[in-house]
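Summary of structural features
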Amino acid sequence: MNIERLSTGIKKLDNILGGGIPKGFFIAVVGEPGCGKTILCIHFIYEGLRNNEKAIYVTTEESRESIVIQASQFNMNFDKYIKNGKLVIIDALLKARGDPYSLDELDPEKLVNKIIQVKKALGYGHTRLVIDSLSAFWLDKPAMARKYSYFLKKILYQWGFTVFATSQYAITTSEAFGFGIEHIADGIIRFRKIVRRGILKRYILVEKMRHSSHDLRMYEIDIVDGKGLVIKRATQYRSEDIILPESVKKRIIEASKKISDEIP
Ligand SMILES: Nc1ncnc2c1ncn2[C@@H]1O[C@H](COP(=O)(O)OP(=O)(O)O)[C@@H](O)[C@H]1O
Ligand SMILES: [Mg+2]
């Protein structure tokens, strides 16, 4: 069966994904702060708009204006699409705004109602949806993460969205927050960052993508003014290399050597 795939707006990433994101999927975009999650979401939204799709961007970490400014730095004119009714940015950060496109409470049910209300206003046609971040909706009740994310996925699927939902916590720092989204996602795109020789380096890894023969390698990325997220080369590192400090790694290698030496 032929699966329809959507471009992320980044050609090399589409190739890594095995041709793009299958339409209707719910994708978890996870990683620590400052890795490029929001910027990836901006690319994804803009690519839809360019192709005459509709788009909804829910922002909990930054204001609506901040998202528009960030997009403009990569030559993506979000204002134009807001004005012609193709894009709605739901602002869940500035609670005092009180306009119809803001959310005054980080409540999963209110979020769903707002998204559906906006979808109805946008009208027919495929809609890309970003929820950045979704984990913000259960910050004060992490035990509910799985239940809420399952509820959200089910309803959003019925409305025919293709969804990018971010989680600002890496699984290494807090399992409780990250886990809810990843558990129900059709795909997981993970960002990582390290400081190597005094320079911040960022990486992207497609950790899961249903119905896709995707690249399993981790790629170094750059965020470039005027351009956005750029995929560089596949790394030689294994994911363990990125997580563990040298001294710990050494000890593990020594220990495993010792074990294999002991096996007759
Ligand atoms: N115009 C720009 N040119 C180059 N790098 C930028 C630009 N704007 C933002 N960045 C980089 O992107 C980072 C923010 O990425 P973002 O996608 O917001 O991270 P997060 O994973 O927290 O959502 C900044 O810390 C900065 O390093
Ligand atoms: Mg962000």
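Presented here is a report on the structure given in the accompanying data block. Since the structure is predicted, the reported quantities are computational estimates derived from the model, not experimental observations.

Further remarks concern helix α2 (residues 37–50). The end-to-end C-alpha distance of α2 is 20 Å, a good match for the 20 Å that 14 residues give at a rise of 1.5 Å each. Burial runs high along α2: 13 of the 14 residues are buried. Just past α2, the residue N52 takes up positive phi, approximately 65°.

What follows deals with the side chain of E53. Structurally, E53 is set in the loop between α2 and β4 (54–59). The residues touching E53, leaving out its near neighbours within four places in the chain, are L6, G48, K86, H126 and R128.

For helix α3 (residues 64–72), the complete set of buried residues consists of R64, I67, V68 and A71. The arc that holds every buried residue of α3, seen down its axis, measures 100°, which confines them to one face. Packed against the buried residues of α3 are α2, β4, α4 (78–83) and β5 (87–91).

The tally for this structure, following the rule as stated, stands at 14 salt bridges. Salt bridges sharing partners connect three or more residues here, namely K201, E220, D222, K232 and R233.

In terms of nonpolar packing, the biggest core is built from 39 residues, with L40, F78, F164, I189, F191 and I231 touching the most fellow members. Considering every element that reaches this core, the biggest residue donor is α2, with 8 residues. In this structure, F191 is in contact with V29, V30, G31, C35, G36, K37, L40, Y203, I204, I221 and L229, ignoring residues within four places of it in sequence. The next biggest cluster of nonpolar side chains, apart from the first, holds 32 residues, and it includes I56, L111, I115 and V118.

Cut-offs and rules
Residues numbered from 1 in each chain as written. Chains lettered and ligands numbered in written order. Predicted model: local features only at pLDDT ≥ 70, side-chain atom pairs only at ≥ 80, totals over all residues. Heavy atoms only, no water. Helix = DSSP H or I, 4+ residues; strand = E, 2+ residues; numbered from the N terminus. Expected span 1.5 Å × (residues − 1). Buried < 20%, exposed > 50% of the residue type's maximum accessible area, 1.4 Å probe, protein only. Contact = heavy atoms within 4.5 Å. Arc of directions from axis to C-beta. Salt bridge = Lys/Arg side-chain N within 4 Å of Asp/Glu carboxyl O. Core = buried A, V, L, I, M, F, W, Y, C linked by side-chain atoms within 4.5 Å.

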